[in-house]
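# Secondary and tertiary structure notes
These are the residues of each chain, in order.
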Amino acid sequence: MNDLPNCWKCRFFRISWDARFPYECEAMNFKSQALPCLQVMSIDGRECQWFRYKTETDPSADTKDTTSGIKGNRIDHSA
Ligand code: SF4
């Protein structure tokens, strides 16, 4: 498993309405042309420190929820 920050798997990643800056990081509140995690790496020289898995992509999350019968469609209202 690759644990590098990946915006596509991050709960803070958004697609922007702005065609010039189509990607958005909600945690650090900026829009960009390239993936935000790549922007962070190029500016800060370090991996993104804010990365958090979306619930449905978290490899440590328990996906064997037998109470509902629905898997991977949970909505996280705490973010
Ligand atoms: S917190 Fe990091 S990994 Fe998540 S969207 Fe922002 S830049 Fe990408």
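Treat the numbers as computed from the prediction; the structure is a model and nothing was measured.

Moving on to the overall build of the protein chain. Within the protein chain, the secondary structure is distributed over one helix and three strands. Residues counted as buried form 13% of the 79 residues belonging to the protein chain. Of all intrachain contacts in the protein chain linking residues separated by at least 6 positions in sequence, the fraction that spans at least 24 positions is 37%.

The next subject is the site of the ligand. Around the ligand, the structure places 14 residues, and the nearest of them are Cys7, Cys10, Cys25, Pro36 and Cys48. A total of three residues in the shell around the ligand trace back to one element, the largest contributor, which is helix H1 (residues 36-44). Taken together, the residues of the shell around the ligand break down into 14 nonpolar, no polar and no charged.

Attention now moves to H1. Within H1, burial applies to Pro36, Cys37 and Val40. Projected down its long axis, H1 shows its buried positions confined to an angular sector of 100 degrees, all on one face. Buried residues along H1 sit against strand S2 (23-25) and strand S3 (30-32). Phi turns positive, to about 80 degrees, at Gly45, one or two residues after H1.

By the secondary structure assignment, Met41 is in helix H1. Spatially, the C-alpha atom of Met41 lies 10.0 Å from that of Pro5, the residues being 36 residues apart in sequence.

Before going further, it helps to spend a moment on the nonpolar core. One recurring pattern in soluble globular proteins: nonpolar side chains tend to sit buried together. Listed in full, the seven residues of the largest apolar core are Cys7, Cys10, Tyr23, Cys37, Val40, Cys48 and Phe51. Sequence-distant contacts of Cys48, defined by excluding residues within four places in its chain, comprise Pro5, Cys37 and Val40.

Below, the discussion takes up the sheet that holds S2. Where strands meet in a sheet, backbone hydrogen bonds hold them as pairs that are either parallel or antiparallel. As summarised here, the arrangement of the three strands in space is S1-S2-S3, forming an open sheet in which the pairing is antiparallel. With partners counted over all chains shown, the strands left at the sheet margins are strand S1 (13-15) and S3, one partner each. Across the sheet, the mean angle separating the axes of adjacent strands is 30 degrees when strand polarity is ignored. Taken together, the three bridges between S1 and S2 define a ladder with antiparallel strand orientation. Paired with Arg14 across the two strands is Glu24, which belongs to S2.

Cut-offs and rules
Residues numbered from 1 in each chain as written. Predicted model: local features only at pLDDT ≥ 70, side-chain atom pairs only at ≥ 80, totals over all residues. Helix = DSSP H or I, 4+ residues; strand = E, 2+ residues; numbered from the N terminus. Buried ≥ 20, exposed ≤ 12 C-beta atoms within 10 Å, placed from the backbone. Contact = placed C-beta atoms within 7 Å. Near = placed C-beta within 6 Å. Nonpolar A, V, L, I, M, F, W, Y, C, P; charged D, E, K, R; others polar. Arc of directions from axis to C-beta. Core = buried A, V, L, I, M, F, W, Y, C linked by C-beta atoms within 7 Å. Pairing = 2+ DSSP bridges. Axes fitted to C-alpha atoms, helices over the stretch in contact; angles between N-to-C directions.

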